[in-house]
Amino acid sequence: AIRALNLGLSITVAPGGVLGQALTEHGKSGMYLQKRKGFAKLAIKYAIPIVPVYIFGETLTYKDIPVPFLKSAAKFCAKNIRIGLPTCFGRKGVLPFRPENGVVAVVGKPIHPKKNLNPEREKDVCALHAKFVADLKELYEDNKEAYGYGKEPLFDFSQKDPK
(Lines give C-alpha, C1' and ligand atoms only; values in the text may rest on other atoms or scores of the structure.)
Protein backbone atom coordinates (compact mmCIF):
# COMPACT_ATOMS: atom_id res chain seq x y z
CA ALA A 1 0.00 0.00 0.00
CA ILE A 2 2.75 2.45 0.92
CA ARG A 3 4.61 1.90 -2.35
CA ALA A 4 1.41 2.55 -4.34
CA LEU A 5 0.69 5.71 -2.34
CA ASN A 6 4.27 6.95 -2.85
CA LEU A 7 3.68 6.54 -6.61
CA GLY A 8 0.51 8.65 -6.35
CA LEU A 9 -1.81 5.72 -7.03
CA SER A 10 -5.20 5.11 -5.45
CA ILE A 11 -5.73 2.01 -3.36
CA THR A 12 -8.67 0.09 -1.98
CA VAL A 13 -8.37 -1.29 1.52
CA ALA A 14 -10.69 -3.78 3.21
CA PRO A 15 -10.00 -2.83 6.84
CA GLY A 16 -11.53 -5.98 8.33
CA GLY A 17 -8.90 -8.17 6.72
CA VAL A 18 -8.75 -11.95 7.05
CA LEU A 19 -9.78 -11.87 10.71
CA GLY A 20 -12.94 -9.99 9.77
CA GLN A 21 -13.61 -12.70 7.20
CA ALA A 22 -13.10 -15.45 9.79
CA LEU A 23 -15.48 -13.79 12.27
CA THR A 24 -18.26 -13.01 9.78
CA GLU A 25 -21.47 -15.03 10.06
CA HIS A 26 -23.88 -15.96 7.29
CA GLY A 27 -26.79 -13.55 7.05
CA LYS A 28 -25.55 -11.18 9.76
CA SER A 29 -24.93 -7.61 8.62
CA GLY A 30 -21.75 -6.41 10.22
CA MET A 31 -18.28 -4.98 10.21
CA TYR A 32 -14.93 -5.64 11.80
CA LEU A 33 -13.39 -2.23 12.29
CA GLN A 34 -13.02 -1.36 15.97
CA LYS A 35 -9.48 -2.73 16.17
CA ARG A 36 -8.44 -1.72 12.63
CA LYS A 37 -6.91 1.74 12.54
CA GLY A 38 -4.00 1.38 10.11
CA PHE A 39 -6.04 2.65 7.18
CA ALA A 40 -6.81 5.86 9.09
CA LYS A 41 -3.11 6.39 9.82
CA LEU A 42 -2.24 5.94 6.12
CA ALA A 43 -4.99 8.36 5.12
CA ILE A 44 -3.58 11.03 7.45
CA LYS A 45 0.06 10.50 6.44
CA TYR A 46 -0.74 10.76 2.73
CA ALA A 47 -3.72 13.15 2.96
CA ILE A 48 -5.88 10.76 0.97
CA PRO A 49 -9.64 10.62 1.35
CA ILE A 50 -11.24 7.53 2.82
CA VAL A 51 -14.68 6.55 1.59
CA PRO A 52 -17.13 4.48 3.63
CA VAL A 53 -18.69 1.67 1.56
CA TYR A 54 -21.17 -0.90 2.81
CA ILE A 55 -22.13 -3.96 0.77
CA PHE A 56 -25.64 -5.23 1.44
CA GLY A 57 -26.18 -8.96 0.87
CA GLU A 58 -22.51 -9.93 1.00
CA THR A 59 -22.96 -12.28 3.96
CA LEU A 60 -25.78 -14.09 2.15
CA THR A 61 -23.63 -15.19 -0.78
CA TYR A 62 -22.08 -18.12 1.13
CA LYS A 63 -23.11 -20.29 4.08
CA ASP A 64 -20.93 -21.30 7.00
CA ILE A 65 -19.75 -24.90 7.20
CA PRO A 66 -21.32 -26.07 10.49
CA VAL A 67 -18.11 -27.49 11.99
CA PRO A 68 -16.91 -25.42 15.00
CA PHE A 69 -13.33 -26.68 14.65
CA LEU A 70 -13.05 -25.15 11.15
CA LYS A 71 -14.20 -21.73 12.37
CA SER A 72 -11.72 -21.93 15.27
CA ALA A 73 -8.91 -22.93 12.90
CA ALA A 74 -9.80 -20.05 10.56
CA LYS A 75 -9.69 -17.56 13.45
CA PHE A 76 -6.35 -18.95 14.63
CA CYS A 77 -4.79 -18.76 11.15
CA ALA A 78 -6.16 -15.27 10.52
CA LYS A 79 -4.89 -13.95 13.85
CA ASN A 80 -1.50 -15.67 13.94
CA ILE A 81 -0.33 -16.17 10.36
CA ARG A 82 -2.68 -13.79 8.50
CA ILE A 83 -4.03 -16.41 6.14
CA GLY A 84 -7.72 -16.72 5.38
CA LEU A 85 -9.17 -20.23 5.42
CA PRO A 86 -12.50 -20.67 3.66
CA THR A 87 -15.07 -21.97 6.12
CA CYS A 88 -18.05 -21.54 3.85
CA PHE A 89 -19.73 -23.01 0.80
CA GLY A 90 -21.96 -21.83 -1.99
CA ARG A 91 -24.00 -23.34 -4.80
CA LYS A 92 -22.23 -26.42 -6.15
CA GLY A 93 -19.57 -25.82 -3.52
CA VAL A 94 -17.90 -22.67 -4.81
CA LEU A 95 -20.44 -20.52 -6.67
CA PRO A 96 -22.07 -17.79 -4.59
CA PHE A 97 -25.73 -17.95 -3.64
CA ARG A 98 -27.94 -15.18 -5.02
CA PRO A 99 -29.41 -13.16 -2.15
CA GLU A 100 -33.11 -12.32 -2.54
CA ASN A 101 -32.40 -8.57 -2.64
CA GLY A 102 -29.15 -8.91 -4.55
CA VAL A 103 -25.72 -7.63 -3.55
CA VAL A 104 -25.57 -3.84 -3.49
CA ALA A 105 -22.64 -1.54 -2.67
CA VAL A 106 -23.61 1.79 -1.15
CA VAL A 107 -20.96 4.50 -1.23
CA GLY A 108 -20.76 7.30 1.32
CA LYS A 109 -19.16 10.72 1.21
CA PRO A 110 -15.34 10.92 1.24
CA ILE A 111 -13.65 12.02 4.44
CA HIS A 112 -10.67 14.29 3.71
CA PRO A 113 -8.03 14.21 6.48
CA LYS A 114 -5.35 16.87 6.87
CA LYS A 115 -1.85 15.69 6.03
CA ASN A 116 0.32 14.89 9.03
CA LEU A 117 3.46 12.80 8.59
CA ASN A 118 3.55 11.95 12.30
CA PRO A 119 -0.06 11.56 13.43
CA GLU A 120 -0.72 11.03 17.12
CA ARG A 121 -2.65 7.83 17.78
CA GLU A 122 -5.33 9.19 20.10
CA LYS A 123 -5.66 12.71 18.75
CA ASP A 124 -5.43 12.09 15.01
CA VAL A 125 -5.76 8.41 14.11
CA CYS A 126 -8.48 7.49 16.61
CA ALA A 127 -10.47 10.62 15.76
CA LEU A 128 -10.44 9.86 12.02
CA HIS A 129 -11.21 6.19 12.68
CA ALA A 130 -14.18 7.15 14.89
CA LYS A 131 -15.50 9.49 12.17
CA PHE A 132 -15.18 6.71 9.55
CA VAL A 133 -16.97 4.14 11.75
CA ALA A 134 -19.76 6.63 12.55
CA ASP A 135 -20.18 7.48 8.85
CA LEU A 136 -20.25 3.79 7.92
CA LYS A 137 -22.91 3.06 10.55
CA GLU A 138 -24.94 6.04 9.32
CA LEU A 139 -24.59 4.82 5.72
CA TYR A 140 -25.95 1.42 6.78
CA GLU A 141 -28.83 2.89 8.80
CA ASP A 142 -29.80 5.33 6.02
CA ASN A 143 -29.93 2.58 3.38
CA LYS A 144 -30.91 -0.67 5.12
CA GLU A 145 -34.64 -0.20 4.57
CA ALA A 146 -34.24 0.33 0.82
CA TYR A 147 -32.27 -2.92 0.43
CA GLY A 148 -34.41 -5.20 2.60
CA TYR A 149 -32.59 -4.99 5.94
CA GLY A 150 -35.07 -2.70 7.72
CA LYS A 151 -35.03 -4.22 11.20
CA GLU A 152 -31.55 -5.71 11.17
CA PRO A 153 -28.91 -4.00 13.33
CA LEU A 154 -25.31 -3.63 12.17
CA PHE A 155 -23.27 -6.15 14.15
CA ASP A 156 -19.72 -5.41 15.34
CA PHE A 157 -17.78 -8.63 14.66
CA SER A 158 -14.78 -7.32 16.62
CA GLN A 159 -16.75 -8.14 19.79
CA LYS A 160 -16.12 -11.82 18.94
CA ASP A 161 -12.40 -11.30 18.34
CA PRO A 162 -10.31 -13.94 20.10
CA LYS A 163 -7.81 -12.18 22.34
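See the structure printed just above.
Here is a short report on the structure shown in this document. This is a predicted model, so every value here is computed, not measured. (Residues numbered from 1 in each chain as written. Predicted model: local features only at pLDDT ≥ 70, side-chain atom pairs only at ≥ 80, totals over all residues. Heavy atoms only, no water.)

Moving on to helix α3 (residues 38–46). Among all positions of α3, only F39, A40, L42, A43 and I44 are buried. Packing partners of the buried residues in α3 comprise α1 (2–6) and α5 (121–143). Immediately beyond the C-terminal end of α3, within one or two residues, lies A47, with a positive phi of roughly 50 degrees. (Buried < 20%, exposed > 50% of the residue type's maximum accessible area, 1.4 Å probe, protein only. Helix = DSSP H or I, 4+ residues; strand = E, 2+ residues; numbered from the N terminus. Contact = heavy atoms within 4.5 Å.)

Here the focus is the pattern of salt bridges. With the rule as written, the count across this model stands at 4 salt bridges. A salt bridge links K28 to E25; the nearest nitrogen and oxygen atoms lie 3.5 Å apart. Judged by its relative accessible area of 29%, K28 falls in the partly exposed class. The partner of D135 in a salt bridge is K131, with the nearest N and O atoms 3.1 Å apart. (Salt bridge = Lys/Arg side-chain N within 4 Å of Asp/Glu carboxyl O.)

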